[in-house]
Amino acid sequence: MAAEKKVFTDSEFIELQVQRYRPRYLKEESEFKKCTTNAERMNFFLNNEEEVAHIKSKIQQIKPHVTKCDIRASALRKLGNVQFQNKNDKDALKLYTQSLSFAKSDEEVSFAYGNRSAALFYMGFYEECLEDIDRAFKHGYSESRSAKLFKRKEDATKAYSSRKKVVKVKTYEIPQSEMNPSIQSARNCIEIQTNEKYGRHIVASRDIAIGEVLAVDKPYAVALHTDISSDRFLFCHECLKHCYNVIPCLNCNEALYCTEACKAKAFQNYHKYECLILPYVGQLLGIKFDFWLFSLKITLLVMTEEKNDETMYRSDRYKEISELEDHSNADSLEKTYVSALLSANIFVLIKEKIKIFKEFVVFEEKFKELFFSHQQMFKVNAVTIISSHENDKFYTSVTGLAIYSFYSLFNHSCYPNTFWNTYESTMVVRASLPIKKGEQCFISYGPYFAYDDKTERQKRLQRLYRFTCGCRACEENWPKVTFLTAIVDHKDIKQVIKKLTENQALPPPRYILSLHKGLETAYRILDGTS
Ligand SMILES: C[S@@+](CC[C@H](N)C(=O)[O-])C[C@H]1O[C@@H](n2cnc3c(N)ncnc32)[C@H](O)[C@@H]1O
């Protein structure tokens, strides 16, 4: 379906739906206005028997997507063979993985692994190649073809042991001695404060030098985007790790994992439920909206989380997520109405297909409320993850979603003094300018004063995040500094980048360039420092 291929931002998606449901909203507006909580907003639709019956009948008419099918697996594998013969190894590899995701019988599974091992061999991923050969044999790879596979195993083993360069994903951990005693993900140079203007915010507890790491935050949860582009076959559904030889879920063809451990963890925690609605969710409303599956995942995680009353600000606990700002009441009533209506549809689908609420009426009420509240919270706090792989020649990127509890406390400035980048899904925040003790640490949520007018910036922040920016650049109405983009390669900028990356696990320099473009220069020019 064409609609599924387009990656909508949440606001674009909801805005389109708002137009669609306007006549109905206008009729029901005055009644809906009386709802004050997210549970009441969901129940506005779910307590309406006619509405629920209508949703159920739509669900009954859905023909679920085929999840496992040897004929399709074989066709995809053959398409992979064509790419392989044309030496397009990476395209071949993706098609073999797609084939694997559909493969039902052991024979098809073993062929897909066997063929993928050839693409991996020619791409130079010998370890992954050897893993796939073992998997092919485990699934009973046909004896008549085994000789080829044994030979590849021998060649890959030789090549693997004699290779010089090992590609390692860069990572960063805060050293034990520098850990913040009261914030799990922060270094001991920052603290959380609260004031009327900004709510909670991050402040330097000592002078911080340019390039210093402030926080290394792990997400509470992540989700691959639901766009069906073939890049999703190169990432782990559970941890977003980039992986050339993912293994499929046994039931569906959408979830693939980097290891058996990730597969088992995902299945146990949420995927055994998610898997049941995947063949339907895109068809019920004509689109598979990322926030629905992500919210389902977090709602299921919450239900099984162990209690932890520690006073430290934690990144791996739901309590912090539940306290994040959501500005539910700042959205227009019409948008809230439409979001609740769509969520109610998905909730009925969940109830029909997952059947986890049979005995737990209280659980069902809680689930319903959280399922909608999480989507409201994502609008302000969800982070798009871009994965890049500069270390190997098969560069690729994919977008996922993540939710971080500590990183979400950083406020925005159009003249930020920190920047972030992700290592797989770990978020590292560094100082891009020197920060004095007592100063607030800001990130940019998108707009920079150097490139956009104040009105444009404020409009964007209001539309996407529902607040009026009160940063220094906005309050003092700084002029744009567009010429800066022209000098990003100036040797002084290179010097700044060198300082930024010295002794750190290096973020790719192009990230710094694209994220901060000329801001370091702006800093030098405006404040006269270098
Ligand atoms: C991701 S949260 C940041 C943490 C938040 N201050 C809290 O107390 O949880 C984003 C919200 O912080 C506030 N905020 C962030 N940057 C701001 C700014 N430049 N001016 C005014 N308010 C801001 C807005 O309420 C915004 O919706």
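Definitions and cut-offs
- Residues numbered from 1 in each chain as written.
- Predicted model: local features only at pLDDT ≥ 70, side-chain atom pairs only at ≥ 80, totals over all residues.
- Heavy atoms only, no water.
- Helix = DSSP H or I, 4+ residues; strand = E, 2+ residues; numbered from the N terminus.
- Buried < 20%, exposed > 50% of the residue type's maximum accessible area, 1.4 Å probe, protein only.
- Contact = heavy atoms within 4.5 Å.
- Areas by Shrake-Rupley, 256 points an atom, 1.4 Å probe, with all protein chains shown as cover.
- Axes fitted to C-alpha atoms, helices over the stretch in contact; angles between N-to-C directions.
- Left-handed = near helix turned anticlockwise from the far one by under 90°.
- Nonpolar A, V, L, I, M, F, W, Y, C, P; charged D, E, K, R; others polar.
- Near = heavy atom within 4 Å.
- Polar contact = N/O pair within 3.5 Å; in protein donor to acceptor, adjacent residues only side chain to side chain.
- Pairing = 2+ DSSP bridges.
- 1 Å grid on protein atoms, 1.4 Å probe; cavity = no way out; pocket = protein on both sides within 12 Å on 5 of 7 lines; lining within 4 Å.
- Points joined across faces, edges and corners; volume = space filled by probe spheres on them.
- pLDDT = per-residue confidence, 0-100.
- Salt bridge = Lys/Arg side-chain N within 4 Å of Asp/Glu carboxyl O.

**Thoughts on the overall build of the protein chain**
Helix and strand content of the protein chain: 19 helices and twelve strands. A burial count over the protein chain gives 55% of its 530 residues as buried. For the protein chain, the proportion of contacts with a sequence separation of at least 24, taken over those separated by at least 6, is 69%. With the model as given, the accessible surface of the protein chain reaches about 24,900 Å², and the carbon-plus-sulfur share is 52%.

**Side note on the packing of helix α3 (residues 38-46) against helix α13 (residues 333-354)**
Where α3 meets α13, the closest approach of the two axes is 9 Å, and the angle between their N-to-C directions is 65°. Considering the relative orientation of α3 and α13, their crossing is right-handed. Between α3 and α13, the residues in contact are R41, M42, F44, F45 and L46 and T336, Y337, A340, L341, S343, A344, F347 and V348, respectively. When the residues that make up the contact of α3 with α13 are grouped by side-chain class, the tally is ten nonpolar, two polar and one charged.

**Here's the deal with the site of the ligand**
Around the ligand, 16 residues are found, and the nearest of them are Y198, R200, H327, N411 and H412. In the environment of the ligand, a nitrogen atom lies 3.0 Å from a nitrogen or oxygen atom belonging to the side chain of N411. Residue Y465 places a main-chain N or O atom 3.5 Å away from an oxygen atom belonging to the ligand. Bound to the protein, the ligand loses 92% of the 560 Å² it would expose on its own. At the level of elements, β2 (199-204) and β9 (411-412) are the ones that each hand at least two residues to the shell around the ligand.

**Description of the sheet that holds strand β7 (residues 383-386)**
With antiparallel pairing, three strands are arranged side by side in an open sheet as β4-β8-β7. The open sheet terminates on both sides in strands that have one partner only, identified here as β4 (221-224) and β7. Pairs of neighbouring strands in the sheet enclose a mean axial angle of 30°, with direction left out of account. Bridge count for β4 against strand β8 (residues 399-403) is four bridges, and the pairing is antiparallel. In the strand pairing of β8, A221 is matched with I403.

**Overview of empty space enclosed by the protein**
Across all of its chains, the model carries five cavities of 30 Å³ or more by this definition. In this model, the largest cavity occupies a volume close to 130 Å³. Lining the largest cavity are 15 residues, with A223, L224, H237, E274 and L293 sitting closest to its centre. Of all the elements in the fold, those that place two or more residues in the lining of the largest cavity are β4, α10 (260-284) and α11 (290-304).

**Points about the confidence of the model for the protein chain**
Per-chain confidence: the protein chain averages 84 in pLDDT, with 83% of residues scoring 70 or above. Helix α1 (residues 2-5) is the least confidently modelled element of the protein chain, averaging 28 in pLDDT, while strand β1 (residues 190-195) averages 98, the highest of any element. Here residues 390-395 is a poorly scored stretch, pLDDT under 50, and it has 18 contacts once near neighbours within four places are set aside; other chains count. Under a pLDDT of 50 for its full length, residues 483-489 has, in the predicted model, 16 contacts with residues more than four places off or in other chains.

**Looking at unusual backbone geometry**
Of note in the backbone geometry, K87 takes a positive phi value of approximately 65° without being a glycine. Mapped onto the elements of the fold, K87 is located in the loop between α5 (70-85) and α6 (89-102). Located in the positive-phi region is N477, a residue other than glycine, with phi close to 50°. Within the fold, N477 resides in the loop between α16 (472-475) and α17 (491-501).

**Brief notes about the pattern of salt bridges**
Taken as a whole and assessed by the stated rule, the structure comprises 27 salt bridges. The salt bridge involving K153 is made with D134; its shortest N-O contact spans 3.1 Å. Of this pair, K153 sits in helix α9 (residues 146-162) while D134 sits in helix α8 (residues 126-138), and the two are 19 residues apart along the sequence. A salt bridge links R187 to E178, with the shortest nitrogen-to-oxygen separation between them at 2.7 Å.

**A word on the sheet that holds strand β3 (residues 213-217)**
Read from one edge to the other, the open sheet built from three strands follows the order β3-β11-β10, with strand pairing classed as antiparallel. A strand with exactly one partner marks an edge of an open sheet, and here the two such strands are β3 and β10 (418-423). Direction aside, the axes of adjacent strands within the sheet are offset by 20° on average. Two strands pair when backbone bridges link them, and β10 and strand β11 (residues 426-431) are joined in this way by six bridges, in the antiparallel orientation.

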